[in-house]
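So you can see what is in the structure, the chains are spelled out below.
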Amino acid sequence: MRKTLIALILGLSCSLTFATDKVPAHPYVQIETTEGSIVLELDGKQAPITVGHFLELVDSGFYDGLIFHRVMPGFMIQGGGYTPGLKLKETDDMIPNESGNGMSNIRSTIAMARTGDPHSANSQFFINVGNNDRLDPKKSTVRGSWGYTVFGFVIQGMEVVDKIAAVQTGPQGPLKSDVPMVPIVIKKISRYTFE
């Protein structure tokens, strides 16, 4: 039993290492929204599992047509999990928490959303509108001391993020609060190259 468990752990570790070896060090993605475009630089060195997972979702078109469903001025904007009709859309995959990677939840960074389980990040992400280092590991006062994995930052379009953060919100459908009254649609997320 013990040998089987060790083999399983080693096999999982090797497959994650192999997969993360193929993650670009600093890929760029563009989020095209109904409010304008946001360009992100992701950090595949500091958060290889998270960046690899996010890029797989981007490349598959998973995010296209979803919305920013949770908007809190001065805090963050969250998307990547709901359709405009507020139907939940998630993948079957949850990824390990990579918080504690040296990146902090400060203004203009992108991080993975999760539940109380530190290893439950799936598809939802948020962009920090304020300095939210209380979401970092050990400092975290929310959901335990694991923190929320930061995996990149906005390099263009922070004015679009601020515009989204300022929209009128309220309770809608299954979500209790902070839902934009007029849907903020993610038209497309795609890899981006500078010309």
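Structure: see above.
Residues numbered from 1 in each chain as written. Predicted model: local features only at pLDDT ≥ 70, side-chain atom pairs only at ≥ 80, totals over all residues. Heavy atoms only, no water.

## Details of the packing of aromatic side chains
At step 1: Going through the model one piece at a time under the given rule, you end up with 9 aromatic pairs.
At step 2: Pairing F54 with F125 gives two aromatic rings, centres 5.8 Å apart and planes at 90 degrees, and the pair type is edge-to-face. Taken together, the residues span a long stretch of sequence, with F54 in helix 2 (residues 48-60) and F125 in strand 6 (residues 125-128) at a distance of 71 residues. Here F54 matches F125 in class, with each residue buried.
At step 3: The interplanar angle of 90 degrees and the centroid separation of 5.4 Å between the aromatic rings of F62 and Y63 together place this pair among those described as edge-to-face.
At step 4: With a relative accessible area of 1%, Y63 lands in the buried category.
At step 5: Put simply, the rings of F54, F62, Y63, F68, F125 and F151 pair up and form one aromatic cluster.
At step 6: Sitting over the face of the ring of F62, K89 holds its NZ or CZ atom 4.5 Å from the ring centroid.
At step 7: A cation sits over an aromatic face here: R114 above Y148, 4.2 Å from the ring centre. (Phe/Tyr/Trp six-rings, centres within 6.5 Å; stacked < 30°, edge-to-face > 60°. Helix = DSSP H or I, 4+ residues; strand = E, 2+ residues; numbered from the N terminus. Buried < 20%, exposed > 50% of the residue type's maximum accessible area, 1.4 Å probe, protein only. Lys NZ or Arg CZ within 6 Å of the ring centre and 35° of its normal.)

## Notes on the nonpolar core
At step 1: Membership of the largest hydrophobic core comes to 36 residues, with the highest contact counts inside it found for L42, F54, Y63, I77 and F125.
At step 2: When residues in this core are grouped by element, the largest group, 6 residues, is from helix 2.
At step 3: With sequence-adjacent residues up to four places away left out, I77 is seen in contact with F68, R70, V71, F125, F126, I127, V129, V161, I164 and A165.
At step 4: Of all hydrophobic cores here, the second largest spans 9 residues; its members include A111, L135, Y148 and V150. (Core = buried A, V, L, I, M, F, W, Y, C linked by side-chain atoms within 4.5 Å. Contact = heavy atoms within 4.5 Å.)

## Considerations on helix 3 (residues 158-165)
At step 1: For helix 3, the set of buried residues is M158, V160, V161, I164 and A165. Axial view of helix 3: buried residues confined to an arc of 155 degrees, hence all on one face. (Arc of directions from axis to C-beta.)

## Considerations on the pairing of strand 5 (residues 109-112)
At step 1: Burial along strand 5 is two-sided: the face carrying T109 and A111 and the face carrying I110 and M112 are both buried.
At step 2: As paired strands, strand 5 and strand 7 (residues 150-156) are joined by 3 bridges and run antiparallel to one another. From the neighbouring strand, A111 faces strand 7, where its bridge partner is V150. (Pairing = 2+ DSSP bridges.)

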